Amino acid sequence: MEPSALFSAAGLGCSLGGRLLWRDLGLTLQAGDRIGLVAPSGQGKTLLLRSLALLEPLQAGALSLRGCPPAAWGLPAWRARVCYLSQRPVAHAGTVEDNLRRVWAFSSQRRRGVWQPQRIRHWLTRLGRNGGFLGYRAERLSGGELQMLALLRALQLDPEVLLLDEPSASLDMATSLALEALLCDWLAAGQRACVLASHDPGQISRFTSGRLELNR
Amino acid sequence: MTVVPAGALPISTGRLALSALLILVNVALSAGLRLGLGRTLLVAALRMVVQLLLVGLVLEWLFQQRGALLIVVLGMAMAAIAGIAAVNRTRRRFAGIYADSLLSVMSSSALVTGLALAGIIRSDPWYAPQYLIPLLGMVLGNTLNGISLGLDRLMEGLEGGRELVETALALGASRWEACRDVIREAIRVAMIPTINSMMVMGLVSLPGMMTGQILAGAAPTAAVRYQIVIVFMIASGTALGVFGVVVLGWLRLTSRDHQLRLDRLRS
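Quick caveat: nothing in here was measured; it's all calculated off a predicted structure.

Analysis parameters
- Residues numbered from 1 in each chain as written.
- Chains lettered and ligands numbered in written order.
- Predicted model: local features only at pLDDT ≥ 70, side-chain atom pairs only at ≥ 80, totals over all residues.
- Pairing = 2+ DSSP bridges.
- Helix = DSSP H or I, 4+ residues; strand = E, 2+ residues; numbered from the N terminus.
- Axes fitted to C-alpha atoms, helices over the stretch in contact; angles between N-to-C directions.
- Parallel < 35°, antiparallel > 145°, perpendicular 65-115°, else oblique.
- Left-handed = near helix turned anticlockwise from the far one by under 90°.
- Contact = placed C-beta atoms within 7 Å.
- Nonpolar A, V, L, I, M, F, W, Y, C, P; charged D, E, K, R; others polar.
- Core = buried A, V, L, I, M, F, W, Y, C linked by C-beta atoms within 7 Å.
- Buried ≥ 20, exposed ≤ 12 C-beta atoms within 10 Å, placed from the backbone.

(A) Quick look at the sheet that holds strand β2 (residues 19–29) of chain A. Residues and elements named next belong to chain A. Here we have 3 strands laid out as an open sheet, ordered β2-β1-β4, and antiparallel in their pairing. Only two strands of the sheet have a single partner each, and these edge strands are β2 and β4 (60–65). Recorded for the sheet is a direction-independent mean angle of 20° between the axes of neighbouring strands. Here strand β1 (residues 7–16) runs beside β2; their pairing, made up of 7 bridges, is antiparallel. Note that in β2 the partner of Cys 14 across the bridge is Trp 22.

Structure below.
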């Protein structure tokens, strides 16, 4: 592991129900990296991203962020910095704003920042929405709107590594492009990196600077 | 002048058998509507009669005993049966669910019954079986229901709310922060029957223990006082037991690494 790396994973192994999914897998991220995770369906892209966020127990291998292992950060603090976005986003009953604000109540996040409505409004404009979106009921959002909510909910927390699982599967082309542009600017604004799993080859070639292919 | 009876009128064996005819109402209803309950009803009725007749004998023998150890052991056995029965009614299980239930039932009922006997009723000795056994039994019967409901709700809540819980975890929540709503809901639901029954007690339902004391010749005003004590015991015993089992279950279904471990759940 290079000490200068932002994030690194080494020797990862995983098998599911007797089937080996990957072995001795390594991944090193420097600030600014945008890695595309490519694999056929059912090869464990989601499982790998979830493992990097330690939502799944690691079967083999080790992770580190800025040279420190997850245990040294503490798991909630790790996930505040290495943040996984599910491909099926969910929200609590309530408005979009309620949902965006409630994550700031977690003690791992309270130390890291505060709710910034101006920033969210600016991002919404870039995605072709306005501040009115904040007042929408989350339970009435469309699939694409729910993905926007999930992305904003994570971006506002400024994680160092963003793990995106099909982030624009339910979005139209124009909004997908706007979302990619927004992500690029966000990544450039700090010491941040991103891993993106997508079935859209166009998105992978437009957005990513490197690739990780999963094959047995 | 009315004569106050020293005890309830005794029921002869023949008249007891007569009362069994009442169950024929259920059997007829089941047959008429094809509920398919006939067999179960008969088994349940038979079990009830045999269990109660035996208990009557056991209690008569027990009330002549003077050793604390025997009575405490018997109380623990009752609590253990309640703890196991509570789990048997849940739809899903996880490894350690019996231990969690036993620990919660035993500690909550021991604490509440012990405090009530020593501090409020002040029976002499504190383990006097004619107080300890029935009071403990009533606390256990209610705690058992609460624990079943609480466990079921916890497992259902974590499974049904899995995506919300994992989203919270993914955004940096601790396992407590991520599961707090589910835990609260499980405890709330488990307490509802106890609270409901307190609300209407005496208006809709005349509690069994009170009825029994009155039949046996106790003054209603004295019987009511016992009933008030027992209801408070039930309420606090259920609350403690439910809280304990829900928290223990939550600890089993999540990991120290703040992961949701629904793979430990099986139906």
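(B) Region of the structure containing the packing of helix α6 (residues 129–160) of chain B against helix α8 (residues 175–200) of chain B. Residue and element names in this part refer to chain B. α8 packs onto α6 with a crossing angle of 150° between their chain directions and a minimal axis gap of 8 Å. Of the possible angle classes, the one that applies to α6 and α8 is roughly antiparallel. Between α6 and α8 the crossing geometry is right-handed. On the side of α6, the interface is formed by Asn 142, Asn 145, Gly 146, Leu 149, Gly 150, Arg 153, Leu 154, Gly 157 and Leu 158, while α8 contributes Cys 179, Val 182, Ile 183, Glu 185, Ala 186, Ile 187, Val 189, Ala 190, Met 191, Pro 193 and Thr 194. The residue inventory of the contact of α6 with α8, partitioned by class, reads 12 nonpolar, 6 polar and 2 charged.

(C) Molecular detail of the nonpolar core. Ala53(A), Val82(A), Cys83(A), Ala154(A), Leu163(A), Leu154(B) and Leu171(B) are the most contacted members of the largest nonpolar core, which totals 108 residues. With 14 residues, the single largest contributor to this core is α6(B). Leaving out residues up to four positions away in the same chain, Ala154(A) has contacts with Cys83(A), Leu85(A), Pro159(A), Leu162(A) and Leu171(B).

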